[in-house]
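Each chain, letter by letter, is given below.
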Amino acid sequence: MASPPATHEAGPALSPPAAPAVAAATPQAEGPIEVEGESTDETDSSYGDQVTTFTASLTSSLVDYPIEHGRQYHAYRAGSYPLPNDEPELERLDMTHQLMLAGLNGKLYLAPVDMEKVQSILDVGTGTGIWAIEMGDRFPKAEILGNDLSAIQPHWIPPNVKFEIDDVESPWVYSKPFDFIFSRYMAGSILNWPAFVQNVHDNLAPGGWAEFQDYDGEWYSDDGSLTASHATRTWMNGLIEAGNKLGRDPQPGGKLEGWARAAGFANVTHRRFKFPIGPWARDPHLKRVGLWNITQVLEGLEAFSLRLYCDVLGWKEDEVVVLLANVRNELKGGKIHAHVELHVVYGQKV
């Protein structure tokens, strides 16, 4: 659900659990469906047991998380998101939320949404659910739905907040449109960005707003302190290469405005923010943003890298570990004055 590609490898879709045997053969299309040995009791405990067993099997299949490279990953639509969903990654995602708040001056969103009129909000790729929960606390009159591939959200949530397991690239089947749709940090997660943005537009009520917050995916240094000879540059180039090989754009930020306009959004605004990586900036605000950013980067080095480097680029795990050790040393050394660009694009459905 503010990092190098979240991100949000295209693996096989999760097979549904086997249904309990309730019939000897698959019923044909023509004719009535025969009923198996109907019980004369008003309540049939074996029937209820079958339903309960199937429900438990289905639920466990969604949370039977695979372990790869020593990390835990999502099970539903396995492989479509390359980062882990284990406890260290959840902590990093919450750090990233604090980074975003710091970078955007404490604002959860920038679109000019009239929250007095908003009744329904969708948080796409909600992750730990922290954005949805904070929105629920601030706006108790709005119903907020967060979706994600992983059931990693807390159980204690505001009464106006709900979460669901869903793949945003499957057909959208919501019964009614939303007043505000929010999407953050989906770089490296989406196969078809124009279709995704179009779905967002089409599921808004007239007058509703959508906001996309995402990264350029590249690291820059205005003073030339990040060079091709640095392990950090090698590492970042590898992440971008792997994302492109998967067909999941790791650099959507600068393209969001074009996709929004093509989808039919009106009143489109595009804002750019520089997030330093490390506390090297003179400006106190940017120094604080840089501290949050380097903290979540250092925490997430393995999470960002292991699947993409080993499974997509073909590196050996020990080779990745050595590269990340060099990256860690360079970033902690303070001589690289790098930043990443966050793009915020919002628009209205008319």
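Calculation rules
Residues numbered from 1 in each chain as written. Predicted model: local features only at pLDDT ≥ 70, side-chain atom pairs only at ≥ 80, totals over all residues. Heavy atoms only, no water. Helix = DSSP H or I, 4+ residues; strand = E, 2+ residues; numbered from the N terminus. Buried < 20%, exposed > 50% of the residue type's maximum accessible area, 1.4 Å probe, protein only. Areas by Shrake-Rupley, 256 points an atom, 1.4 Å probe, with all protein chains shown as cover. Core = buried A, V, L, I, M, F, W, Y, C linked by side-chain atoms within 4.5 Å. Salt bridge = Lys/Arg side-chain N within 4 Å of Asp/Glu carboxyl O. Phe/Tyr/Trp six-rings, centres within 6.5 Å; stacked < 30°, edge-to-face > 60°. Axes fitted to C-alpha atoms, helices over the stretch in contact; angles between N-to-C directions. Parallel < 35°, antiparallel > 145°, perpendicular 65-115°, else oblique. Contact = heavy atoms within 4.5 Å. Nonpolar A, V, L, I, M, F, W, Y, C, P; charged D, E, K, R; others polar. Patch = residues over 30% accessible without salt bridge, like charges linked within 9 Å, V, L, I, M, F, W, Y side chains within 5 Å. Lys, Arg positive; Asp, Glu negative; His and termini not counted. Charge placed at Lys NZ, Arg CZ, Asp CG, Glu CD. Pairing = 2+ DSSP bridges. Left-handed = near helix turned anticlockwise from the far one by under 90°. Arc of directions from axis to C-beta.

**Section: the overall build of the protein**
For the protein, the helix and strand inventory stands at eight helices and nine strands. Relative to its 350 residues, the protein shows a buried fraction of 51%. Counting only carbon and sulfur atoms, one obtains 53% of the accessible surface of the protein, whose full area is about 16,900 Å².

**Concerning the nonpolar core**
General note: in soluble globular proteins, nonpolar side chains tend to be found buried as a group. Counting residues in each nonpolar core, the largest one holds 62 residues, and the members touching the most others are Ile121, Met135, Phe180, Trp219, Trp235 and Phe275. If you tally residues by element for this core, the top one is helix H7 (residues 284-312), at 10 residues. Counting 23 residues, the second largest nonpolar core, distinct from the first, contains Leu122, Val168, Met186 and Phe265.

**Considering the pattern of salt bridges**
Enumeration according to the criterion identifies eight salt bridges in this entry. Across the pair lysine 274 and aspartate 222 runs a salt bridge whose closest N-O atoms are separated by 3.1 Å. One end of the pair, lysine 274, is in strand E8 (residues 266-276); the other, aspartate 222, is in the loop between strand E7 (204-220) and helix H5 (231-246), with 52 residues separating them in the sequence. The exposure class of aspartate 222 is exposed, given its relative accessible area of 63%. When the shortest N-O distance is used, the salt bridge between lysine 255 and aspartate 249 registers 2.6 Å. Its relative accessible area of 38% is what places lysine 255 among the partly exposed residues.

**Re unusual backbone geometry**
With phi around 55°, asparagine 105 is a residue other than glycine that occupies positive phi space. The topology assignment puts asparagine 105 in the loop between helix H2 (87-103) and strand E3 (120-124).

**Things to note about the packing of aromatic side chains**
A complete count under the given rule lists 18 aromatic pairs for this structure. For the ring pair tyrosine 309 and tryptophan 315, a centre distance of 4.7 Å and an interplane angle of 80° mean the geometry is edge-to-face. An aromatic cluster is present here, built from Trp172, Tyr174, Phe178, Trp193, Phe196, Phe212, Trp259 and Phe265 joined pairwise through their rings.

**Some thoughts on the packing of H2 against helix H3 (residues 130-138)**
As a packed pair, H2 and H3 sit with axes 10 Å apart at the nearest point and diverge in direction by 55°. The angle between H2 and H3 places the two elements in the oblique class. Residues Asp94, His97, Gln98 and Leu101 of H2 form the contact with H3, whose own contacting residues are Ile130, Trp131 and Glu134. Taken together, the residues of the contact of H2 with H3 sort by class into three nonpolar, two polar and two charged.

**A short note on a negative patch on the surface**
A grouping of Glu302, Glu317, Asp318 and Glu319 is seen on the molecular surface, where their side chains present a negatively charged patch. The biggest single contributor to the negative patch is helix H8 (residues 317-333), with three residues. Relative to the assigned elements, glutamate 319 resides in helix H8.

**Some words on the sheet that holds strand E5 (residues 161-165)**
On the basis of which strands lie adjacent, the open sheet formed by seven strands has the order E5-E4-E3-E6-E7-E9-E8 and mixed pairing. Pairing within the sheet leaves two strands with one partner each, and these edge strands are E5 and E8. Strand-to-strand twist of the sheet, defined as the mean angle between neighbouring strand axes without regard to direction, takes the value 15°. In terms of strand pairing, E8 meets strand E9 (residues 339-348) through nine bridges, oriented antiparallel.

**A short note on the pairing of strand E4 (residues 143-148)**
Among the six residues that make up E4, five are buried, leaving the element largely enclosed by the rest of the structure. Pairing between E3 and E4: five bridges, direction parallel. Bridge pairing in E4 links leucine 122 to leucine 145. Sheet topology places E4 next to E5; five bridges connect them, and they run parallel. Its bridge partner lying in E5, glycine 146 is registered against phenylalanine 163.

**Describing the packing of H7 against H8**
What describes two packed helices is the angle between their axes and the distance between those same axes. It is at 10 Å that the axes of H7 and H8 come closest, and there the two elements cross at 155°. Between H7 and H8, the angle is such that the two are roughly antiparallel. In terms of crossing hand, the pair formed by H7 and H8 is right-handed. On H8, the residues that touch Ile294, Val297, Leu298, Leu301, Glu302, Ser305, Leu306, Tyr309 and Cys310 of H7 are Glu317, Val320, Leu323, Leu324, Val327, Arg328, Leu331 and Lys332. For the contact of H7 with H8, the class distribution of residues is 12 nonpolar, one polar and four charged.

**Remarks on helix H4 (residues 193-202)**
Looking only at H4, the buried set comprises Trp193, Phe196, Val197, Val200 and His201. For H4, the angular spread of the buried residues around the axis is 140°, confining them to a single face. If you follow the buried residues of H4, they end up packed against E3, strand E6 (178-184), E7 and helix H6 (256-262).

**What about the environment of proline 154?**
Along the polypeptide, proline 154 turns up in the loop between E4 and E5. Accessibility expressed as a relative area gives 36% for proline 154, which makes it partly exposed. Counting along the chain gives 24 residues from proline 154 to isoleucine 130, while the straight-line C-alpha distance between them is 9.0 Å. What proline 154 contacts, discounting residues up to four positions off in sequence, is Thr128, Ile133 and Phe163.

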